[in-house]
Amino acid sequence: MSESIHRLKRGAVIGLILLSGLFISACLDDINEQQSQAFSKAQSQLACSVQGQNRSVKSIMEFWYLYVDQMPDRDPNDFSSPREMLAALQVDPPDRFSFISERETTLNFTEEGRRIGIGVQLALMNAPDDYRVVDVFADAPADQADVRRGDRVLQINGRSVQELFNTGQLGSAMGPEEEGVLVELDMERADGEEQYSVSLEKVEFVVDPVVRLNFFDLSDDRRVAYFHFRNFIVPAADRFDDVFAELSEEAVDELIIDMRYNGGGRIAVAEQLASQIAGDAVQDEIFVQLVHNEARTDQNRIRRFGEEIGALGLDRLLVIATERTASASELVVNGLRPFIDVEIIGSRTFGKPVGSYGFEICDLIMFPTAFATLNALDEGDYFDGLPATCEAADDLALPLGDEEESSLAEALHFLETGQCDAEAGRLAREVQPLHRPQVGGPDGWDPIHTGIH
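I will try to describe carefully the structure that is included in this document. As the structure is a computational prediction, the values presented were derived from the model and not from experiment.

Digging into the overall build of the protein
Each helix and strand in the protein was counted, giving 12 helices and 21 strands. Burial status across the protein gives 53% buried among its 453 residues. Of the contacts made within the protein by residues no fewer than 6 positions apart, 71% connect residues no fewer than 24 positions apart. With the model as given, the accessible surface of the protein reaches about 19400 Å², and the carbon-plus-sulfur share is 45%.

With respect to the nonpolar core
Of all hydrophobic cores here, the largest spans 67 residues; its most connected members are Phe-227, Phe-229, Phe-244, Leu-255, Leu-273, Leu-317 and Leu-336. Broken down by element, the residue count for this core peaks at 7 residues, all from helix H9 (residues 267-278). Among all residues touching Leu-336, those that are not within four sequence positions of it are Ala-274, Ile-277, Ala-278, Phe-305, Leu-317 and Val-342. Counting 23 residues, the second-largest nonpolar core is a separate cluster that includes Ala-142, Phe-165, Val-183 and Leu-200.

A look at the packing of helix H3 (residues 50-64) against helix H4 (residues 82-89)
In helix packing, the relevant descriptors are the interaxial angle and the interaxial distance, both defined with respect to the helix axes. One can describe the packing of H3 onto H4 by two numbers: an axis separation of 8 Å at closest approach and a directional angle of 30 degrees. The angle between H3 and H4 falls in the class roughly parallel. The element H3 and its partner H4 pack so that their crossing is right-handed. Along the contact surface, H3 presents Gln-53, Asn-54, Val-57, Lys-58 and Met-61, while H4 presents Pro-82, Met-85, Leu-86 and Leu-89.

A short note on the sheet that holds strand E21 (residues 390-391)
An order of E11-E12-E13-E16-E17-E21 is seen for the 6 strands of this open sheet, with the pairing classed as mixed. Edge positions in the sheet fall to strand E11 (210-217) and E21, since each of these pairs with one other strand and no more. As defined by bridge partners, strand E16 (residues 316-321) adjoins strand E17 (residues 341-346) across 6 bridges and the pair is classed as parallel. Opposite Arg-316, over in E17, you have Asp-341 as the bridge partner. Of the strands in this sheet, E11, strand E12 (223-229) and strand E13 (254-258) are in contact with helix H8 (residues 235-250), which crosses E11 at around 15 degrees. Its contacts with the sheet place helix H11 (residues 406-417) against E11, E12, E13, E16, E17 and E21, and it is angled at close to 155 degrees to E16.

Quick notes on helix H12 (residues 422-430)
Of the residues making up H12, those classed as buried are Ala-424, Gly-425 and Ala-428. In a view along the axis of H12, the buried residues occupy a sector of 100 degrees, so they form one face of it. Away from its buried face by more than 90 degrees, H12 exposes Ala-422 and Glu-430. Check the buried side of H12 and you find it contacts E21 and H11. At the N-terminal boundary of H12, the capping side chain belongs to Asp-421, with an oxygen 2.9 Å from the backbone nitrogen of Glu-423.

Side note on the packing of aromatic side chains
Inspection of every chain in the model, using the stated rule, returns 15 aromatic pairs. Seen in terms of ring centroids, Phe-97 and Phe-350 are 6.0 Å apart; in terms of plane orientation they differ by 70 degrees. Their pairing is edge-to-face. Here Phe-97 is found in the loop between H4 and strand E2 (99-102), whereas its partner Phe-350 is found in the loop between E17 and strand E18 (354-361), with 253 residues between them in sequence. Among the aromatic residues, those joined into a ring-pair cluster are Phe-63, Trp-64, Tyr-357, Phe-359 and Phe-371. The cationic tip of Arg-96 hangs over the ring face of Phe-350; the distance from NZ or CZ to the ring centre is 4.4 Å.

Quick notes on the side chain of Thr-369
Mapped onto the secondary structure, Thr-369 falls in strand E20 (residues 369-374). Filtering out sequence-adjacent residues up to four positions away, Thr-369 remains in contact with Trp-64, Tyr-65, Leu-66, Tyr-67, Asp-95, Phe-97, Ser-98, Val-354, Gly-355 and Ser-356.

Concerning helix H5 (residues 103-112)
Among all positions in H5, only Thr-105, Thr-106, Leu-107, Asn-108, Phe-109 and Thr-110 are buried. Taken from the residues just after H5, Gly-113 is the one with a positive phi, measuring 75 degrees.

Quick look at empty space enclosed by the protein
Remark: the empty space left among the atoms is shown by a probe the size of a water molecule rolled over them. Following the criterion strictly, the structure yields 2 cavities of 30 Å³ or more and no others. By volume, the second largest cavity amounts to about 30 Å³. Taken together, Ile-118, Val-120, Leu-122, Val-133, Ala-142, Val-147, Val-153, Met-174, Leu-185, Met-187 and Leu-200 make up the full set of residues lining the second largest cavity. Partitioning the lining of the second largest cavity into residue classes produces 11 nonpolar, no polar and no charged.

Here we look at the pairing of E16
Looking along a regular strand, one sees the side chains alternate between the two faces of the sheet. By the criterion of burial, E16 is predominantly enclosed, with 6 of the 6 residues buried. Of the two faces of E16, the one holding Arg-316, Leu-318 and Ile-320 and the one holding Leu-317, Val-319 and Ala-321 are both buried throughout. Sheet topology note: the E13/E16 ladder contains 3 bridges and is parallel. Paired with Ile-257 across the bridge in E16 is Val-319.

Description of the pattern of salt bridges
Scanning all chains against the criterion turns up 28 salt bridges. The shortest N-O distance in the salt bridge between Asp-129 and Arg-152 comes to 3.1 Å. Of this pair, Asp-129 sits in the loop between strand E4 (120-124) and strand E5 (131-136) while Arg-152 is found in strand E6 (residues 152-156), placing the two residues 23 residues apart along the sequence. For Arg-316, the salt bridge goes to Glu-254, with nearest N and O atoms at 2.6 Å. Residue Arg-316 is found in strand E16, and its partner Glu-254 is found in strand E13; the two are separated by 62 residues along the sequence. Linked by salt bridges that have partners in common, Asp-146, Arg-148, Asp-151, Arg-189 and Glu-194 make up one network.

Some points on the state of the cysteines
On inspection of all chains with the given rule, the structure shows 2 disulfides. In this model Cys-48 forms its disulfide with Cys-362; the gap between the sulfur atoms is 1.9 Å. The disulfide joining Cys-48 to Cys-362 has a torsion of about -105 degrees about its S-S bond and is therefore left-handed. Of this pair, Cys-48 sits in helix H2 (residues 33-48) while Cys-362 sits in the loop between E18 and strand E19 (364-367), and the two are 314 residues apart along the sequence. Take Cys-48: its relative accessible area is 34%, and that puts it in the partly exposed class. Sequence-ordered numbering of the bonded cysteines in the protein gives a pairing of 1-2, 3-4.

Here is what the cut-offs are and how they apply
Residues numbered from 1 in each chain as written. Predicted model: local features only at pLDDT ≥ 70, side-chain atom pairs only at ≥ 80, totals over all residues. Heavy atoms only, no water. Helix = DSSP H or I, 4+ residues; strand = E, 2+ residues; numbered from the N terminus. Buried < 20%, exposed > 50% of the residue type's maximum accessible area, 1.4 Å probe, protein only. Contact = heavy atoms within 4.5 Å. Areas by Shrake-Rupley, 256 points an atom, 1.4 Å probe, with all protein chains shown as cover. Core = buried A, V, L, I, M, F, W, Y, C linked by side-chain atoms within 4.5 Å. Axes fitted to C-alpha atoms, helices over the stretch in contact; angles between N-to-C directions. Parallel < 35°, antiparallel > 145°, perpendicular 65-115°, else oblique. Left-handed = near helix turned anticlockwise from the far one by under 90°. Pairing = 2+ DSSP bridges. Arc of directions from axis to C-beta. Polar contact = N/O pair within 3.5 Å; in protein donor to acceptor, adjacent residues only side chain to side chain. Phe/Tyr/Trp six-rings, centres within 6.5 Å; stacked < 30°, edge-to-face > 60°. Lys NZ or Arg CZ within 6 Å of the ring centre and 35° of its normal. 1 Å grid on protein atoms, 1.4 Å probe; cavity = no way out; pocket = protein on both sides within 12 Å on 5 of 7 lines; lining within 4 Å. Points joined across faces, edges and corners; volume = space filled by probe spheres on them. Nonpolar A, V, L, I, M, F, W, Y, C, P; charged D, E, K, R; others polar. Salt bridge = Lys/Arg side-chain N within 4 Å of Asp/Glu carboxyl O. Disulfide = S-S within 2.5 Å.

Now the structure itself:
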């Protein structure tokens, strides 16, 4: 989860750190306009050189990094990129989360939900060559070409998934995030009975963060609502207002939120969602405590549940999760648990009880792990993930929101009976995923885009 974006512009702290040794005695009042422009240009070029960016990375980490007391001392001149610099400073374990991304791409997605791609979300499943479509975005090229959830990717631009996995190129195999880039895919349907090929051109599409709002009735007439929640991005805030207004009109008694591929995002969005779920009973209670390193205790904050229009006032929430459910998704679970029952259906979550700030460095944004997140009971040590109440498979053979899909079926079974289905748990254990996702891992998973292409 990222708390905010800190813009490091000319003349800001990092620039001054870089330039103080060279220009400490310079006074701009004594320099004519031409010299001033040359000064600014030199400052910008120095700050955005590889060494300048590396120094920015180190300076930010020395100030904000949660594990700064364990951080090794590294010379910025020894590394060929800011990403290499960050990796050299990272304390892993426990920090497998700090990362750097492209500024424009990241802001377009987190602020507006815009992406450039073919419109699929992909995940590596049960073998190094089992690369599956887990979600398709409405009206994007993949949707228009009838690519479906559960379809298996066999080749990308003529190279097999196995080869791309072995060489660590799977995450970047579809090429740059630019409109007009052509992606050739050889595919297989989820049932294995049909193979097909598609040629898709990347375009800009919009990710709707909240989709597939469905309602179900239990045998005792309780009304159950379900929706699939993709990302804690800024547009989700407005979507929640509409969704929860409808949930209030439907007078729902139970709520299932499907966050099985939700890698997190804004804390403010998580706070809004949790407040709209629990309502007046939690208003002004502690939602999350942000705890920084010992030198930055002045930055420690408490964020509280707010008053939200359309709040449901529920005393229970079911969350469908997988090993790709991370960060702000886990924060909702952990933040609500001191006040209402929260049950996880599916599998153990990713395990990210820490958060980041975003720092702009030239054309990049760095997200260093900057604070731990604790709930009202000071609980937050779930680096191994939050365990499932009831295990269930991620059933790629059926659409999300289908009441026969394994995880949703198990959630409804739990609401109906108060118990887990032993057979569903057995089947889930038979199809354990290949590995827990890693930032920058072999499938290219990252906390911002989580496999969206």
